[in-house]
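One letter stands for each residue in the lines below.
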Amino acid sequence: MFKFQRILRCQFNVRFKATFPVTRSVSAHEAELELTNNVHQMPLPFSSAKVGNFSQEPPQLDNQYLQDTLLRSFLKRHIPSDVLPEIDADLSRFGHRVATDIYDLHLRCEREPPSVEQTNAWGQRTDRLITSTAWRSMHHISAEEGLIALAYERKYGAHSRLYQMAKLYLYAPSSGLYGCPLAMADGAAKIIENLDGCSWLKERAYTRLTSRNPQLFWTSGQWMTEKRGGSDVAGGTETVAVKQADGSYSLYGYKWFSSATDADMTLTLARVVDEEGKTTEGTKGLSLFYLELRDESGKLNNIQIHRLKNKLGTRQLPTAELLLYGAKAFKVSDEGRGVAAISQMLTLTRLHNSINAGSSMRRITNLARDYSTKRKAFGTLLKNYPLHLQTLARMEVETRGATLLALEVARLLGREEVGIASETERQLLRLLVPVMKLYTGKQAVAVVSEGLECFGGQGYIEDTGLPSILRDAQVLAIWEGTTNILSLDVLRALAKSKGAVLQNFALDVSSRLAAASSNAQLSSPSAKVRKAVEEVLGFAARNTSQLEVAARDFSYSIARIAVGSLLIEHAASGVGTSQDVHAAQKWCDQDLTPVITAAEASAYTLDSISADKEMVFDGFLQASRL
């Protein structure tokens, strides 16, 4: 301390003498006072502002539509030119809104999670679900923006579904997870629209699910998971339905996951109790039921909220365990046809899942890109480091791939919904839905995790709003079927169609590659994809006994081939750019056929499976379970 004062005193004396010639002698006391006054005027770091003089400018969200060149060019390719300006104008307006007022609501939803009041101060059972005003504002916005209505008004025919999904793609990362109840509302609307008869239900529920009026608009739940079930719905559903004199049913059961517990209605599975008090086990015993959660006064329909789930992510979304003790419901499927009836919902909710995956990747990539132009490290901006730029480029390629796959599935679904899809397109849709969902869910977790690293320590700080993107992304690989469950669904598609879905997939890939035949820059990627298709088809034909253990790698191979063909086709189209060509090249530089790579390493042999088991349970102390 004293040494520091002496240094300052010497520096001051030198500057003082150089600036002001001494004309009289100065006492020691006067010199000390002059030094003290001067030191107080010096701009010393941390002398007054305790946080220092530097603050980092945070990343900013610009218009999320205008800066998304892939989304805009895909719509330009597929939306007719006479309606594109109208759609483009709406998405441009909405792209600004999701970066401003809607995003602010999103942050509030994260800060104000739901809670439940089971009893009031007088000991009365209330089961009152308390949600943020921001969450309730999302309900109104969803109706006004037509986020469900767009697909069912069919103003743009086969393009209506694509338009809706493009808008949801912009909305999802700023939705505060309100996209989840929207996904289930969309699925419920789809099921009710296609029900034979049930005119009362279409009038009662469908008109509300597809309404643009916030006062009329309903959302839906989807209650399929029970304690014993998980993905095994057929083996785990214990809820029973007892028929009443008025034709309704009383449901008794315990629903383990009820996402969007604040929904207005739900579709759920239960087993009908026959006259002898018995039920049918397995899939054949499950029927689909419609019920409303509350009556006109707001009282729950013989439902108790046992507790809200304490989740890793999606904390904004009220997910509860519910006890049904005579909930009034109506059977809306043929008896024993509940799983078949609800399958249409799964197609849509899995598409929503992948749209959410692609959009979360786009959000973190956009933020990381913006931050790279503002953050300096070791004397220069992050954008100037080739290694950092390479990381961003890899994130961008994955984001483009996921987005193209989801948008293409949305386009195909739109064509199927209005009855103009070809047989090849219908078969392709059956294969791509589970492939899309399983692959994009895994991509989202990896890309968002990589994205957080782009912010260094700030990527781990809750106040930035960044960690919630990763927490929320993790559910995308779990909800509506884990990776392994969906991989087995891919095999079911092959078996049920006797291989036709795979043959139609190969024809589709070939037609997309043909569009790039005249582009020399795409010849190498095209050759890689073409070879990959041949190898995967050959593997499926030769190794039917190994397909189950290879299901995940097989599905990954289908996904990478599909995305490769989509990127190549897009790059070769009239809207393709040099950046699109580069993205296609980089995508196809990876291993497109992990199933072949693993097979060549003998990963699917009985010896390998046995060795896997021995390694996994090495040191496991409960030998009796093996």
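Notes on the structure follow.

Right, let's talk about the overall build of the protein for a bit. For the protein, the count of helices and strands is 22 helices and eleven strands. Reported as C-alpha extents along the three principal axes, the dimensions of the protein are approximately 115 × 75 × 70 Å. For the protein, the proportion of contacts with a sequence separation of at least 24, taken over those separated by at least 6, is 74%. With an accessible surface of roughly 29,700 Å², the protein has 53% of that area assigned to carbon and sulfur atoms.

Pairing geometry for strand 4 (residues 240-243) and strand 5 (residues 249-259), over four bridges, is antiparallel. Residue pairing for strand 5: Val240 is matched across the bridge by Tyr252. Note: strand 4 against strand 6 (residues 265-272), two bridges, orientation parallel. Bridging from a neighbouring strand, Ala241 pairs with Val272 of strand 6.

Judged by side-chain polarity, Met615, Val616, Phe617, Phe620 and Leu626 come together as a nonpolar surface patch covering roughly 500 Å² of accessible area. Within the secondary structure, Met615 sits in helix 22 (residues 606-616).

This next bit is on unusual backbone geometry. Of note, the phi angle at Glu480 is positive, near 65 degrees, even though the residue is not glycine. Of note, Glu480 is situated in the loop between helix 15 (467-474) and helix 16 (483-496). On the accessibility criterion, Glu480 (10% relative accessible area) is buried. Its identity as a non-glycine residue notwithstanding, Lys498 has a phi of 55 degrees, on the positive side. Mapping Lys498 onto the fold places it in the loop between helix 16 and helix 17 (500-514).

Here the focus is the packing of aromatic side chains. Under the definition given, this model contains twelve aromatic pairs. For the pair Tyr439 and Tyr556, a centre-to-centre distance of 5.4 Å together with 85 degrees between the ring planes defines the contact as edge-to-face. A residue pair is termed long-range when its members are at least 10 positions apart, and Tyr439 in helix 14 (residues 423-453) and Tyr556 in helix 19 (residues 551-572) qualify at 117 residues. Following the ring pairs from residue to residue traces out a cluster consisting of Trp200, Tyr290 and Phe330. The ring of Phe94 has Lys167 lying over it, and the distance from NZ or CZ to the ring centre is 5.0 Å. Above the face of the Trp256 ring, Lys309 is positioned so that its terminal group lies 3.4 Å from the ring centre.

Leu75, Tyr171, Met265, Phe505, Val529 and Phe554 are the most contacted members of the largest nonpolar core, which has 130 residues in total. The element best represented in this core is helix 19, accounting for twelve residues. Leaving out residues up to four positions away in the same chain, Phe554 has contacts with Val490, Leu491, Leu494, Leu502, Val536, Phe539, Ala540, Leu547 and Val595. Residues Ala357, Met361, Ile364 and Val447 belong to the second largest nonpolar core, which totals 23 residues.

Bringing the environment of Thr131 into the picture now. With respect to the secondary-structure elements, Thr131 resides in the loop between strand 2 (125-130) and helix 6 (133-144). Sequence separation between Thr131 and Gln316 is 185 residues; the distance between their C-alpha atoms is 8.7 Å. Those residues in contact with Thr131 that lie beyond four places of it in its chain are Pro114, Arg136 and Pro318.

The rules behind these values
Residues numbered from 1 in each chain as written. Predicted model: local features only at pLDDT ≥ 70, side-chain atom pairs only at ≥ 80, totals over all residues. Heavy atoms only, no water. Helix = DSSP H or I, 4+ residues; strand = E, 2+ residues; numbered from the N terminus. Contact = heavy atoms within 4.5 Å. Areas by Shrake-Rupley, 256 points an atom, 1.4 Å probe, with all protein chains shown as cover. Pairing = 2+ DSSP bridges. Patch = residues over 30% accessible without salt bridge, like charges linked within 9 Å, V, L, I, M, F, W, Y side chains within 5 Å. Salt bridge = Lys/Arg side-chain N within 4 Å of Asp/Glu carboxyl O. Buried < 20%, exposed > 50% of the residue type's maximum accessible area, 1.4 Å probe, protein only. Phe/Tyr/Trp six-rings, centres within 6.5 Å; stacked < 30°, edge-to-face > 60°. Lys NZ or Arg CZ within 6 Å of the ring centre and 35° of its normal. Core = buried A, V, L, I, M, F, W, Y, C linked by side-chain atoms within 4.5 Å.

Everything listed here is a matter of geometry and, on its own, says nothing about what the molecule does.
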